[in-house]
Amino acid sequence: MILQFLLALAIVIAGAKLGGLVSNRLGQPAVLGELLVGLILGPTVLDLLHLPIFGDSHLPETIHLLAELGVVFLMFIAGLEIELDEMAAAGRVAVLAGVLGVAVPLVLGAATALPFGYAPVQSLFIGIILTATSVSISAQTLMELGVLRSREGVALLGAAVIDDVVVILILSLFVALAGEGGGLTDVVWVVVKMAVYLGAAAVLGAWLIPAFTRWADRQPVSEGLLAGAVVAMLAFAWSAEALGGVALITGAFIAGVLFARTPWRDRIEAGMHAIAYAFFVPIFFVGIGLQANARLIGGDYLVFATLIVAVAIISKLIGSGLGARLASFDYEAALRVGTGMISRGEVGLIVATVGLDNGFINNEVFAIAVVMVLATTLVTPLLLRRVFAGHPVVSGTPQAARETG
């Protein structure tokens, strides 16, 4: 087993990095290449893990568990990169663009799925998949255009943070309620349990994390600070689902936000980036393709996939653009904000993976979600260059330009 496992890991990680390299050389984000490599290695083309050389029946499950760890690391890093002060400074436009950028895709996505025979719960989850945003692609494009420090650029980054937080909370609430079922009493209990956990995690964590981190950093062991952060991240992820009924990625995200408020943030972030992006995160992105089978998208599924991609694009334009417009942005500025929110990415893939693991969506819908992420990733830079044509260059890059989604 170990030889098959080692070979599979070598192929997956090398493939992810080569795919990311080629994607960057073509002016696209690395995640696009990693996803495409996953599709090639998965059942869409090669079906790597079911080739004769990989006869161990436990190998796919082992790779999947490592990919799940990749999700935890990814959400912890996303929390580390949250700038609460900058999110507050972005103000009304960030809140409105972020919240409406979640609400409109959620409603339109669910409404699109219902006529295709999906149950209300499934349709609602399909809508949730469409809510996530990844502005790393938009931020890179705006930096190339020299407009990241523009009013629209700063608003876009703030809205993306709001978007991520709202999506994670909605996902946690959905998983808890849909999994529990039951009557009104059960629903109230789930909500109360989630609220108590989130409050306790925020309050106790804000008090314990700095003390724990200071202690871990002083211990005469190798990488004590980083090991302490990993332990805390895993504990928060476990407790979120086991004690609070909240999705485990929410716990990892909360841990990241708490560590971001400590003086050791930069050291922890550097170490976590090295661990995550050298090993766990590439396995997660390629693992998406290893689970997705694009061959399943045919007939009615092809029509549905086309509509989902169209709704994914239009709903962000309408939702986030309307939010920016209500916050006093003019039409052109609001259109730019909406366009920058179109791209889905890591969070969208995480939501889809949670849905597949919990039985809210089937393999066909999961494959459609992957295609939607790929399509929105490709179209966003092209649309941004068009809507920002003629916009004056704004020198400098704000601290908020860090990857937030």
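Model, not experiment: these values are computed from the prediction.

Moving on, we get to the side chain of S239. With respect to the helices, strands and loops of the structure, S239 is situated in helix α9 (residues 224–242). S239 sits in the buried class, given a relative accessible area of 12%. One polar contact links S239 to Y197, side chain to side chain, over a distance of 2.9 Å. Those residues within four positions of S239 in sequence are excluded, and the remaining contacts are Y197 and G244.

Moving on: helix α10 (residues 248–260). Here α10 is 13 residues long and its end C-alpha atoms lie 19 Å apart, about the 18 Å a rise of 1.5 Å per residue gives. The element α10 is largely enclosed, with a buried count of 12 among its 13 residues. Those residues of α10 not exposed but buried are I249, T250, G251, A252, F253, I254, A255, G256, V257, L258, F259 and A260.

Here the focus is unusual backbone geometry. For D47, which is not a glycine, the phi torsion comes out positive at approximately 55°. Relative to the helices and strands, D47 resides in the loop between α2 (30–41) and α3 (59–80). Under the relative-accessibility criterion, D47 is labelled partly exposed at 26%. At S328, a residue that is not glycine, the phi angle is positive and equals roughly 85°. Along the chain, S328 falls in the loop between α12 (300–326) and α13 (331–340).

In this section: a nonpolar patch on the surface. Residues V107, L108, I314 and I318 make up a contiguous nonpolar surface patch of roughly 330 Å² in combined accessible area. Of all elements in the fold, only α4 (84–113) and α12 reach the threshold of two or more residues within the nonpolar patch. Relative to the elements of secondary structure, V107 occurs in helix α4.

Calculation rules
Residues numbered from 1 in each chain as written. Predicted model: local features only at pLDDT ≥ 70, side-chain atom pairs only at ≥ 80, totals over all residues. Heavy atoms only, no water. Helix = DSSP H or I, 4+ residues; strand = E, 2+ residues; numbered from the N terminus. Buried < 20%, exposed > 50% of the residue type's maximum accessible area, 1.4 Å probe, protein only. Polar contact = N/O pair within 3.5 Å; in protein donor to acceptor, adjacent residues only side chain to side chain. Contact = heavy atoms within 4.5 Å. Expected span 1.5 Å × (residues − 1). Patch = residues over 30% accessible without salt bridge, like charges linked within 9 Å, V, L, I, M, F, W, Y side chains within 5 Å. Areas by Shrake-Rupley, 256 points an atom, 1.4 Å probe, with all protein chains shown as cover. Salt bridge = Lys/Arg side-chain N within 4 Å of Asp/Glu carboxyl O.

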